[in-house]
Amino acid sequence: MPVVTLALSPDLRAWHDLGLTWLHCDVSIACAGHDALQSDLPTRLPDLPKEEAPPAPTSPDAEFVTRLPALWRQILNRLKPAPLVWSYAELGQDLLEKGDPLRSQLLKQLLGGLDLPRGSSAFLPLNLPGISPEEQEREIFARILHFLNGRMLILLGQKALDLSPYAASRLQPYQAQIIDGRLLILLPDMRALQEDPARITAATAYLRSSLAKIKLPGLRQT
């Protein structure tokens, strides 16, 4: 499947040229759950670098694949390049063991609220059950993320950020930062979203405000 190249509208480029790399959204505003929620969320997000991202490899290099534990090769075989990459701390467990129906339902709710084009999302776990920490190196995640050519990485929860190669960014929920040529977004964790429907509304609105500035073919704008 061809990779969709993302770009932001020209009206944001001046902000990036002035050195803007991330914006903070007040979580108390984002989680208010009132009618003005979407308008209160930030609409001006960091611009992606003007240079085109290098073309994604058609497949990871053979040496890297050979060194992968069998479970990681199983995950890799399921994945195809996509502009949006999602992850959370329990994703590996949900993919390889009995998945949590509540987490599955929550993801469907988030994705349904975004009206994303088919094939625009990939789900990449940060670690896998039954594999020793030595084999759960962040390098595996980073290398597969490069193969997916994701231009936006959406992490749910502080634990997911800590497990990722980007823990040093110290992002808080509803913050975004450009790292390695892609936009990294941190949302609240799955449990927090499950416990408060207003947070699901806030997360959906925040993601929609992010995607509204990105030219993703087939995305329904509201």
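This text gives an overview of the structure that appears in the document.

Procedures and definitions
- Residues numbered from 1 in each chain as written.
- Predicted model: local features only at pLDDT ≥ 70, side-chain atom pairs only at ≥ 80, totals over all residues.
- Heavy atoms only, no water.
- Core = buried A, V, L, I, M, F, W, Y, C linked by side-chain atoms within 4.5 Å.
- Buried < 20%, exposed > 50% of the residue type's maximum accessible area, 1.4 Å probe, protein only.
- Helix = DSSP H or I, 4+ residues; strand = E, 2+ residues; numbered from the N terminus.
- Contact = heavy atoms within 4.5 Å.
- Arc of directions from axis to C-beta.
- Salt bridge = Lys/Arg side-chain N within 4 Å of Asp/Glu carboxyl O.

Within the largest apolar cluster, 28 residues are counted, with the highest numbers of intra-cluster contacts made by Trp 72, Leu 124, Ile 144, Leu 148, Leu 153 and Leu 184. The set of elements that each furnish at least two residues to this core consists of helix H5 (70-78), helix H8 (138-148), strand S4 (152-156), helix H9 (158-163) and strand S6 (182-187). Not counting residues within four places of it along the chain, the set of residues in contact with Ile 144 comprises Phe 64, Trp 72, Leu 76, Leu 79 and Leu 124. Listed in part, the 26 residues of the second largest apolar core include Leu 106, Leu 110, Met 152 and Ile 185.

Once that is clear, we can look at H5. Looking at H5, one finds that the buried residues are Trp 72, Ile 75 and Leu 76. Each buried residue of H5 sits inside an arc of 100° when the element is viewed along its axis, so together they form one side. Structural note: H5 exposes Ala 70 and Asn 77 on the side pointing more than 90 degrees away from its buried face. Where the residues of H5 are buried, they touch helix H4 (62-67), helix H6 (91-96) and H8.

Turning our attention to the pattern of salt bridges. If the charged atoms of two oppositely charged side chains come close together, the side chains can form a pair. Following the criterion strictly, the structure yields five salt bridges and no others. Across the salt bridge formed by Arg 143 and Asp 61, the nearest N and O atoms sit 2.4 Å from each other. Linking Arg 143 in helix H8 with Asp 61 in the loop between helix H3 (37-40) and H4, this pair joins segments that are 82 residues apart in sequence. Arg 143 gets classed as partly exposed once you look at its relative accessible area, which sits at 28%. On the basis of relative accessibility, which here comes to 37%, the residue Asp 61 falls in the partly exposed class. With its nearest N and O atoms 3.8 Å apart, the salt bridge here joins Arg 208 to Asp 115. Taken together, the residues Arg 208 in helix H11 (residues 197-211) and Asp 115 in the loop between helix H7 (101-114) and strand S3 (121-123) connect sequence positions 93 residues apart. Judged by relative accessible area, Arg 208 falls into the buried class, the value being 12%. Ionic contacts of the salt-bridge type, sharing partners, join the residues Asp 61, Glu 139 and Arg 143 into one network.

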